[in-house]
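# Per-entry structural report
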Amino acid sequence: MKPLMLQGHERAITQIKYNREGDLLFSAAKDAKPNVWWSLNGERLGTFNGHGGVVWCLDVDWQTINLITGGGDSSCRLWDLETGKNIATIKSNSSVRTCNFSFSAYQAAYTTDKAMGHPCEVFIIDTRTIDESMSTQSPILKWEITDSKVTSMVWGISDETIITGHEAGDLIQWDLRTGKKIHSIKEHSHQINDMQLSRDGTMFITASKDQTAKLFDTSSLELLKEYKTERPVNSAALSPILDHVVLGGGQDAMEVTTTSTRQGKFDARFFHLVFEEEFGRIKGHFGPINSLAFHPDGKSYASGGEDGYVRVQSFDQSYFDYTFDYNRE
């Protein structure tokens with residue numbers, strides 16, 4: 001299948017996400033205007049205008065009613081999806097690096113960078129009623145991160161915890177009733193660029209600059225699997241229907257000009273979830289892949305690259321027919 005090329009951003013893509021049904025695909029980039037697309041035909045539905053700089057993160061609630069975005073203009077914004085209207089703008093002291101709705105979408109969490117003399121902080125906000133008053137409301141909970149800054153984050157099971165990935169490679173699980181640390185592990189040696197939950201939320205995968213992606217148990221943070229590559233991994237996603245993992249990355253943006261696309265540095269790489277073995281690659285981007293997402297039906301995936309394109313690739317039948325040979329010699 002020929003991929004859909006979604007060209008709506010002028011600069012590098014930072015994050016892409018599908019809504020729960022998978023009919024819409026959201027993309028954030030360094031050009032201040034998050035986009036929403038029909039995932040079926042790649043037609044652009046519209047843009048969310050209001051940020052004053054790079055948009056680092058976005059998330060959509062399970063009912064596809066509201067969108068949350070965080071950016072380099074030191075703000076976290078909530079949007080009405082139907083109209084594209086900016087409902088509330090929550091100001092912060094530094095760039096908002098990660099933002100996520102909880103599964104129920106009654107709460108949202110966002111984290112800010114350590115910058116300009118301000119510490120890295122985690123905020124939990126009430127999102128049951130989203131209106132202008134949220135711009136001035138204080139968060140339900142906030143705490144400072146004294147160690148390395150948060151670079152990625154996911155919600156834990158039953159919305160009772162959040163798990164943060166850090167610049168130094170740590171993973172920390174936090175109790176949202178108290179804001180205290182429950183559990184901390186360090187399985188990565190470098191920055192954790194991305195964290196994504198499995199379909200049922202019981203596992204999550206991390207993508208790190210240390211050239212590996214790792215699979216963890218959500219409640220115990222037990223390391224389950226490891227997928228090794230020869231270059232930094234910027235994003236990793238788990239298939240909702242098969243035991244497959246897709247990894248994307250490439251070297252740092254500043255080194256891109258020294259590599260040719262023919263070296264296969266910018267391919268999306270598919271690994272078997274259980275056997276940790278690579279079984280396929282898909283070419284496409286002219287620069288590192290910054291974000292990956294599987295369609296909720298598992299029949300296609302999308303990737304957003306440093307080249308500013310979002311590519312939606314549907315799988316051929318051969319992908320579904322392919323099985324691992326279990327027979328040992």
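Residues numbered from 1 in each chain as written. Predicted model: local features only at pLDDT ≥ 70, side-chain atom pairs only at ≥ 80, totals over all residues. Heavy atoms only, no water.

Cut-off, in case you're wondering: UniProt positions are given in the numbering used here, feature names are shortened, and annotations may be inferred rather than shown by experiment.
As annotated in an unreviewed UniProt entry, the protein chain carries the name Eukaryotic translation initiation factor 3 subunit I and comes from Arctia plantaginis. Per UniProt, the comment on the protein chain under Subcellular location (unreviewed entry) is "Cytoplasm". The Subunit (unreviewed entry) field of the UniProt record for the protein chain holds the comment "Component of the eukaryotic translation initiation factor 3 (eIF-3) complex."

### Topic: the overall build of the protein chain
Formally: A run of H or I in DSSP counts as a helix once it spans at least four residues, and a run of E counts as a strand once it spans at least two, with each numbered from the N terminus. Both definitions apply: the radius of gyration is a C-alpha atom measure, and the globule rule equals 2.2 Å times residues to the power 0.38. Relative accessibility thresholds used throughout: buried, under 20% of the residue-type maximum; exposed, over 50%; partly exposed, between the two (1.4 Å probe, protein chains only). We call two residues in contact whenever any of their non-hydrogen atoms come within 4.5 Å of each other. Shrake-Rupley sampling with a 1.4 Å probe provides the accessible areas, and residues are treated as covered by the protein chains on show and by no other component. Charge assignment: positive for Lys and Arg, negative for Asp and Glu; neither His nor the chain ends contribute. Every charge is mapped onto a representative atom, which is NZ of Lys, CZ of Arg, CG of Asp or CD of Glu.
In terms of helices and strands, the protein chain carries 1 helix and 28 strands. Its C-alpha atoms give the protein chain a radius of gyration of 19 Å, near enough to 20 Å, the size a compact globule of 329 residues would have. Considered along the principal axes of its C-alpha atoms, the protein chain spans approximately 60 × 40 × 40 Å. The buried share among the 329 residues of the protein chain stands at 56%. Pairs at least 24 residues apart make up 43% of the contacts formed inside the protein chain by residues separated by at least 6 positions. Taken as a whole, the protein chain presents about 14900 Å² of accessible surface, with 47% of it coming from carbon and sulfur. In the protein chain, 33 positive and 44 negative side-chain charges are present, and the distance between their average locations comes to 4 Å.

### A short note on the packing of aromatic side chains
For the record, the criterion: Only Phe, Tyr and Trp rings take part, Trp by its six-membered ring, and two of them pair if their centres are within 6.5 Å. Stacked means planes under 30 degrees apart, edge-to-face means over 60, and tilted covers everything else.
Per the counting criterion, the structure on display carries 17 aromatic pairs. Relative to Phe315, the ring of Tyr301 has its centre 5.7 Å away and its plane inclined at 20°; by these criteria the two rings are stacked. Here the residue Tyr301 occupies a position in strand 27 (residues 300-305), and Phe315 occupies one in the loop between strand 28 (309-314) and helix 1 (317-321), the gap between them amounting to 14 residues. One exposure class covers both Tyr301 and Phe315, and it is buried.

### Some thoughts on the pattern of salt bridges
In a structure, side chains of opposite charge can pair up when their charged atoms sit close to one another. Keep this limit in mind: For salt bridges, the criterion is a side-chain nitrogen of Lys or Arg within 4 Å of an Asp or Glu carboxyl oxygen.
What the rule picks out here adds up to 14 salt bridges. Note that Arg97 and Asp113 form a salt bridge whose closest N and O atoms lie 2.7 Å from each other. Placement of the pair is Arg97 in strand 10 (residues 96-101) and Asp113 in the loop between strand 11 (107-112) and strand 12 (120-126), with a sequence separation of 16 residues. Residue Glu230 pairs with Arg269 through a salt bridge whose shortest N-O separation is 3.3 Å. Taken together, the residues span a long stretch of sequence, with Glu230 in the loop between strand 21 (223-228) and strand 22 (233-238) and Arg269 in strand 24 (residues 268-272) at a distance of 39 residues. Through salt bridges with shared partners, a single ionic network connects Glu230, Arg231, Arg269, Glu278 and Arg281.

### Points about the UniProt feature "repeat: WD" (unreviewed entry) in the protein chain
In this structure's numbering, the residues bearing the UniProt feature "repeat: WD" (unreviewed entry) are residues 6-37, 48-89, 185-226 and 282-312. Between the C-alpha atoms that bound residues 48-89 there is a distance of 13 Å. The span itself is 0% helix and 52% strand. This span, residues 185-226, is 0% helix and 57% strand, and a straight line between its end C-alpha atoms measures 15 Å.

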